[in-house]
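# Observations on the model geometry
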Amino acid sequence: MRNPQYDAGMEVRRQVLGDDHVARAEAAKTPLDAPFQQLITETAWGTVWASDAISRRERSMLTLALLAATGNFDEIPMHIRATANTGATQQDIAEVFQHVAIYAGVPRANRALKLAKETLADMATGDSDDTTKTD
């Protein structure tokens, strides 16, 4: 069931991740993951990311730090790509992962930086299509 929070979440999700990414995610949605997609659209995107309490740049930096600190590396390339829409710079990304190194461990920061370098290089060559992640 759709509601205003879902619609707001979908709008923010498109603004942050891009129309192409969201279109791929929607096209890949199945009955198995449809409830999950609704949940993250309403809560992550329609509540947390839709809040104007902090900027999208700050949210992007927090998300990258939390993903790296908790070892959720599969999501990092998607959120590195999102920095093109959130205003977080390469310097911001470097600072985030230095913070992760101090508070969550060098190996996690090292892995996150490797992913960031690969993703930023892909983006620089125009290969910003991350078809592996759909949230």
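The coordinates are above.
Residues numbered from 1 in each chain as written. Predicted model: local features only at pLDDT ≥ 70, side-chain atom pairs only at ≥ 80, totals over all residues. Heavy atoms only, no water.

### Some details on the overall build of the protein
Looking only at helices and strands, the protein has seven helices and zero strands in total. The order of α-helices and β-strands along the protein, N terminus first, is α-α-α-α-α-α-α. Taken over the C-alpha trace, the protein has a radius of gyration of 15 Å; the compact-globule value for 135 residues is 14 Å, and the two agree within 12%. Expressed as lengths along the three principal axes of its C-alpha atoms, the size of the protein is roughly 45 × 35 × 25 Å. Taking as baseline every contact in the protein between residues at least 6 positions apart, the subset at least 24 positions apart corresponds to 72%. For the protein, the exposed surface amounts to about 7500 Å²; the carbon and sulfur share of it is 55%. Counting 14 positive and 19 negative side-chain charges, the protein places the centres of these two groups 3 Å from one another. (Helix = DSSP H or I, 4+ residues; strand = E, 2+ residues; numbered from the N terminus. Rg over C-alpha atoms; globule rule 2.2 N^0.38 Å. Contact = heavy atoms within 4.5 Å. Areas by Shrake-Rupley, 256 points an atom, 1.4 Å probe, with all protein chains shown as cover. Lys, Arg positive; Asp, Glu negative; His and termini not counted. Charge placed at Lys NZ, Arg CZ, Asp CG, Glu CD.)

### Describing the pattern of salt bridges
Counted according to the given criterion, the structure contains six salt bridges. The partner of Arg-81 in a salt bridge is Asp-122, and the shortest N-O contact between them spans 3.9 Å. Here Arg-81, found in helix 5 (residues 76-86), pairs with Asp-122, found in helix 7 (residues 106-124); they are 41 residues apart in sequence, far enough to count as distant. Among the ionic contacts, a cluster of salt bridges with common partners joins Arg-13, Glu-26 and Lys-29. (Salt bridge = Lys/Arg side-chain N within 4 Å of Asp/Glu carboxyl O.)

### Thoughts on the packing of helix 4 (residues 56-69) against helix 5
In contact at an axis separation of 10 Å, helix 4 and helix 5 are set at 170 degrees when each is read in the N-to-C sense. Relative to helix 5, the element helix 4 lies roughly antiparallel. Handedness of the helix 4/helix 5 crossing: left-handed. Residues Arg-56, Arg-57, Ser-60, Thr-63, Leu-64, Leu-67 and Ala-68 of helix 4 lie in contact with helix 5, whose contacting residues are Ile-76, His-79, Ile-80, Thr-83 and Thr-86. Tallied by class, residues from the contact of helix 4 with helix 5 come to five nonpolar, five polar and two charged. (Axes fitted to C-alpha atoms, helices over the stretch in contact; angles between N-to-C directions. Parallel < 35°, antiparallel > 145°, perpendicular 65-115°, else oblique. Left-handed = near helix turned anticlockwise from the far one by under 90°. Nonpolar A, V, L, I, M, F, W, Y, C, P; charged D, E, K, R; others polar.)

### Focus on the environment of Arg-111
Within the secondary structure, Arg-111 sits in helix 7. When its relative accessible area of 35% is taken as the criterion, Arg-111 is described as partly exposed. (Buried < 20%, exposed > 50% of the residue type's maximum accessible area, 1.4 Å probe, protein only.)

### Brief notes about the packing of helix 4 against helix 6 (residues 90-104)
The N-to-C vectors of helix 4 and helix 6 enclose an angle of 40 degrees; their axes lie 9 Å apart at closest approach. Between helix 4 and helix 6, the angle is such that the two are oblique. Pair helix 4 / helix 6 crosses with right-handed handedness. Here helix 4 contributes Arg-57, Met-61, Leu-64, Ala-65, Ala-68 and Ala-69 to the contact with helix 6, which in turn contributes Asp-92, Ile-93, Val-96, Phe-97, Val-100 and Ala-104.

### Digging into the nonpolar core
If you look at the biggest cluster of nonpolar residues, it comprises 17 residues, and the most contacted ones within it are Leu-64, Ala-68, Ile-76, Ile-80, Ile-93, Phe-97 and Ala-112. Elements that contribute at least two residues to this core include exactly helix 4, helix 5, helix 6 and helix 7. Broken down by element, the residue count for this core peaks at five residues, all from helix 7. Setting aside chain neighbours within four positions, we find Ala-68 in contact with Phe-73, Ile-76, Phe-97, Val-100, Arg-108 and Ala-112. Val-12, Trp-45, Met-78 and Ala-82 belong to the second largest nonpolar core, which has 10 residues in total. (Core = buried A, V, L, I, M, F, W, Y, C linked by side-chain atoms within 4.5 Å.)

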